[in-house]
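Working through the structure, step by step
Single-letter residue listing:
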Amino acid sequence: MKEGLRYSVALLAFIGVAFVLSWFSVFAFWYAAFAFHSVPAVRFCEAIGSTILIPVRVVFWMAGDFFDQTAPLTDPKSYAALNAVLLGSLIYSCCRRFLFAKSSVAPEEQAEPANVDG
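First, a word on scope: everything that follows refers to the structure included in this document. (Residues numbered from 1 in each chain as written. Predicted model: local features only at pLDDT ≥ 70, side-chain atom pairs only at ≥ 80, totals over all residues. Heavy atoms only, no water.)

1. Quick notes on the side chain of serine 25
With respect to the secondary-structure elements, serine 25 resides in helix 1 (residues 2–26). Exposure remark for serine 25: the relative accessible area of 5% places this residue in the buried category. Beyond its immediate sequence surroundings of up to four residues, serine 25 is in contact with Gly49, Ile52 and Leu53. (Helix = DSSP H or I, 4+ residues; strand = E, 2+ residues; numbered from the N terminus. Buried < 20%, exposed > 50% of the residue type's maximum accessible area, 1.4 Å probe, protein only. Contact = heavy atoms within 4.5 Å.)

2. Description of the packing of aromatic side chains
Taken as a whole and assessed by the stated rule, the structure comprises eight aromatic pairs. Judged by centre distance (6.3 Å) and plane angle (70°), the rings of phenylalanine 27 and tyrosine 31 are edge-to-face. Its relative accessible area of 23% is what places phenylalanine 27 among the partly exposed residues. Where phenylalanine 29 meets tryptophan 30, the ring centres are 4.9 Å apart and the plane angle is 90°; that geometry is what we call edge-to-face. (Phe/Tyr/Trp six-rings, centres within 6.5 Å; stacked < 30°, edge-to-face > 60°.)

In C-alpha coordinates:
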(Lines give C-alpha, C1' and ligand atoms only; values in the text may rest on other atoms or scores of the structure.)
Protein backbone atom coordinates (compact mmCIF):
# COMPACT_ATOMS: atom_id res chain seq x y z
CA MET A 1 0.00 0.00 0.00
CA LYS A 2 2.82 2.39 0.85
CA GLU A 3 4.55 1.80 -2.47
CA GLY A 4 1.39 2.47 -4.46
CA LEU A 5 0.77 5.66 -2.51
CA ARG A 6 4.33 6.86 -3.13
CA TYR A 7 3.98 6.19 -6.85
CA SER A 8 0.63 7.97 -7.02
CA VAL A 9 1.83 11.01 -5.09
CA ALA A 10 4.94 11.26 -7.28
CA LEU A 11 2.85 11.02 -10.46
CA LEU A 12 0.44 13.70 -9.25
CA ALA A 13 3.36 15.93 -8.26
CA PHE A 14 4.88 15.59 -11.73
CA ILE A 15 1.53 16.35 -13.35
CA GLY A 16 1.07 19.38 -11.07
CA VAL A 17 4.47 20.81 -11.96
CA ALA A 18 3.81 20.07 -15.63
CA PHE A 19 0.49 21.93 -15.40
CA VAL A 20 2.22 25.04 -14.06
CA LEU A 21 4.83 24.82 -16.82
CA SER A 22 2.13 24.26 -19.43
CA TRP A 23 0.03 27.15 -18.19
CA PHE A 24 2.98 29.53 -18.37
CA SER A 25 3.90 28.09 -21.77
CA VAL A 26 0.47 28.81 -23.22
CA PHE A 27 0.77 32.44 -22.17
CA ALA A 28 4.58 32.74 -22.47
CA PHE A 29 4.37 35.50 -25.05
CA TRP A 30 2.23 37.73 -22.84
CA TYR A 31 4.13 37.05 -19.62
CA ALA A 32 7.46 37.75 -21.31
CA ALA A 33 6.20 40.91 -23.00
CA PHE A 34 4.87 42.22 -19.69
CA ALA A 35 7.96 41.28 -17.67
CA PHE A 36 10.86 41.97 -20.02
CA HIS A 37 9.68 44.50 -22.64
CA SER A 38 12.26 43.06 -25.03
CA VAL A 39 11.72 41.32 -28.35
CA PRO A 40 14.63 38.85 -27.92
CA ALA A 41 13.37 37.89 -24.45
CA VAL A 42 9.84 37.41 -25.77
CA ARG A 43 11.09 35.20 -28.59
CA PHE A 44 13.23 33.18 -26.17
CA CYS A 45 10.32 32.60 -23.78
CA GLU A 46 8.06 31.73 -26.69
CA ALA A 47 10.61 29.15 -27.89
CA ILE A 48 10.81 27.58 -24.44
CA GLY A 49 7.00 27.58 -24.22
CA SER A 50 6.56 25.88 -27.56
CA THR A 51 9.14 23.25 -26.54
CA ILE A 52 7.19 22.47 -23.37
CA LEU A 53 3.97 22.16 -25.39
CA ILE A 54 5.40 19.54 -27.78
CA PRO A 55 3.48 16.56 -26.27
CA VAL A 56 0.04 18.07 -26.86
CA ARG A 57 1.01 19.33 -30.30
CA VAL A 58 2.13 15.82 -31.28
CA VAL A 59 -1.17 14.37 -30.03
CA PHE A 60 -3.15 16.94 -32.01
CA TRP A 61 -1.04 16.30 -35.09
CA MET A 62 -1.53 12.53 -34.79
CA ALA A 63 -5.28 12.87 -34.20
CA GLY A 64 -5.77 14.92 -37.35
CA ASP A 65 -9.31 16.27 -37.49
CA PHE A 66 -10.51 14.27 -34.49
CA PHE A 67 -9.73 17.10 -32.04
CA ASP A 68 -10.60 20.73 -32.47
CA GLN A 69 -7.37 22.41 -33.53
CA THR A 70 -8.37 25.79 -32.09
CA ALA A 71 -8.04 24.58 -28.49
CA PRO A 72 -5.09 26.84 -27.57
CA LEU A 73 -7.11 29.88 -28.56
CA THR A 74 -10.58 28.94 -27.34
CA ASP A 75 -9.83 26.81 -24.26
CA PRO A 76 -6.27 27.28 -23.02
CA LYS A 77 -6.95 25.64 -19.65
CA SER A 78 -7.93 22.32 -21.25
CA TYR A 79 -4.97 22.58 -23.62
CA ALA A 80 -2.60 23.12 -20.68
CA ALA A 81 -4.26 20.33 -18.67
CA LEU A 82 -3.93 17.82 -21.52
CA ASN A 83 -0.30 18.81 -21.99
CA ALA A 84 0.26 18.53 -18.22
CA VAL A 85 -1.03 14.97 -18.12
CA LEU A 86 1.07 13.98 -21.14
CA LEU A 87 4.24 15.79 -20.06
CA GLY A 88 3.93 14.82 -16.38
CA SER A 89 3.39 11.16 -17.26
CA LEU A 90 6.31 11.21 -19.68
CA ILE A 91 8.69 12.77 -17.15
CA TYR A 92 7.43 10.44 -14.40
CA SER A 93 8.03 7.36 -16.54
CA CYS A 94 11.57 8.55 -17.28
CA CYS A 95 12.39 9.44 -13.65
CA ARG A 96 10.62 6.57 -11.90
CA ARG A 97 13.54 4.19 -11.99
CA PHE A 98 15.82 6.84 -10.45
CA LEU A 99 13.33 7.96 -7.81
CA PHE A 100 12.33 4.53 -6.58
CA ALA A 101 15.50 2.53 -7.22
CA LYS A 102 16.48 0.24 -4.40
CA SER A 103 20.09 0.07 -3.39
CA SER A 104 21.76 -3.17 -4.44
CA VAL A 105 23.89 -3.20 -1.28
CA ALA A 106 22.18 -3.89 2.03
CA PRO A 107 22.71 -1.17 4.68
CA GLU A 108 24.54 -3.55 7.03
CA GLU A 109 26.95 -4.52 4.26
CA GLN A 110 27.98 -0.97 3.47
CA ALA A 111 31.53 -0.14 4.48
CA GLU A 112 32.06 2.10 7.46
CA PRO A 113 33.95 5.31 6.69
CA ALA A 114 37.58 5.13 7.71
CA ASN A 115 38.46 7.01 10.87
CA VAL A 116 41.28 9.29 9.88
CA ASP A 117 43.01 11.03 12.75
CA GLY A 118 45.40 13.64 11.52
